[in-house]
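# What the coordinates show
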Amino acid sequence: MALDVASIAEAQALVETLGDSISFYKVGMELFMCGDYFAFIEWLKQRDKKVFVDLKFFDIPATVGRAIKALSSKGVDLATIHGNDAIMTAAVANKGDLKVLAVTALTSLDRGDLDDLGFQCDVQALVLSRAKRALQIGCDGVVSSGLEAALLRQELDHKLLIITPGIRPVDNREEDDQQRVVTVASAFQAGADYIVVGRPIRDAVNPKAMAEKIQQQILSQFSCDAIL
Ligand code: C5P
């Protein structure tokens, strides 16, 4: 779950409310700005939670390499970097046991945004090309919208972890900043290994019930194999 909240106290309260319904937490930029980010990561580890540091490092390769090296000593499970070759190379050389994920294209970007950034190719081509480079360079996985996950699975098999944000239990695109959204079921059908869910749980009237409902939706995707 993406812990996008405004204070460490709020994050701790949400983790306590969610209890066993969530075992993996993504801590990103908003919490980083609150202070005590690493003490909070420790607090999560003491509760046997897995931790995904989503700070999407984007800087000169030497700086990203050193940042990843420092992070790899903190017991974190996953971290994100931007998917440019030199950045990925520096991160992979310094990652140790930390699994590094390359961001392919933000799920909030649409065609118009990519035009503004000067990318003439379509989103799928951009995501696939970045994922292929990430694999060649030695990243552990990629962050990709559910709309491109199927193509990545088809082209790259199971050689990379696919982490899919932009999940909406129902399609409520109109009031949302995420453009390339999918449901829980379609993300896993497309081949995602993990999904990232933030606001649908955080903003639910009953966050724990929503988390459990999403876990049920995940389980139902795998129930045939489990029964056989
Ligand atoms: O609230 P919502 O479920 O949209 O949260 C999605 C989370 O995934 C946010 O924390 C966002 O930073 C992150 N993310 C994303 N798209 C990416 C990479 C990360 O939405 N490509």
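I will try to describe carefully the structure that is included in this document. Throughout this document, residue positions are counted from 1 along each chain, in the order its sequence is written. With pLDDT at 70 or above as the cut-off, local features in this predicted model cover only qualifying residues; side-chain atom pairs require 80 or more to be listed or tallied, and sums for whole chains, interfaces and linings still use all residues. As a rule here, side-chain values come from all non-hydrogen atoms in the structure, and water together with hydrogens is ignored.

## What to know about the nonpolar core
As used in this record, nonpolar core signifies buried Ala, Val, Leu, Ile, Met, Phe, Trp, Tyr and Cys residues forming a set joined through side-chain atoms within 4.5 Å. Summary of the burial criterion: residues with accessible area below 20% of their type's maximum are buried, those above 50% are exposed, and those between are partly exposed, where the area comes from a 1.4 Å probe applied to protein chains only. Counting residues in hydrophobic clusters, the biggest one holds 66 residues, and the most contacted among them are Leu-3, Val-27, Phe-40, Val-53 and Ile-81. Numbering of helices and strands runs from the N terminus, with a helix taken as a DSSP run of H or I at least four residues long and a strand as a DSSP run of E at least two residues long. At seven residues, helix 7 (residues 123-137) tops the list of elements feeding residues into this core. Contacts were defined at the residue level, with two residues in contact if any of their heavy atoms lie within 4.5 Å. Not counting chain neighbours up to four residues away, the residues in contact with Leu-3 comprise Ala-11, Leu-14, Val-15, Tyr-25, Lys-26, Val-27, Leu-31 and Phe-40. Residues Ala-2, Phe-52, Leu-78 and Ile-163 belong to the second largest nonpolar core, which totals nine residues.

## A few points about the pairing of strand 1 (residues 24-28)
The buried count for strand 1 comes to five of five residues, which makes it a mostly enclosed element. Burial of the side chains of strand 1 extends over both faces: Phe-24, Lys-26 and Gly-28 are buried on one face and Tyr-25 and Val-27 on the other. DSSP bridges decide pairing: two strands pair if at least two such bridges lie between them. Of the pairings in the sheet, the one linking strand 1 to strand 2 (residues 50-57) comprises five bridges and is parallel in character. Looking across to strand 2, one finds that Gly-28 is bridged to Asp-54.

## Looking at the sheet that holds strand 5 (residues 141-143)
As a general point, the strands of a sheet are linked pairwise by backbone hydrogen bonds and lie either parallel or antiparallel. Across the sheet, seven strands lie side by side as 1-2-3-4-5-6-7; this open sheet has parallel pairing. Edge positions in the open sheet fall to strand 1 and strand 7 (194-195), since each of these has one partner strand only. Against the sheet, helix 8 (residues 146-156) contacts strand 5 and strand 6 (161-164), and its axis sits at roughly 170 degrees relative to strand 6. Lines fitted to C-alpha atoms define the axes, with helix axes restricted to the stretch in contact, and inter-axis angles between N-to-C directions lie between 0 and 180 degrees.

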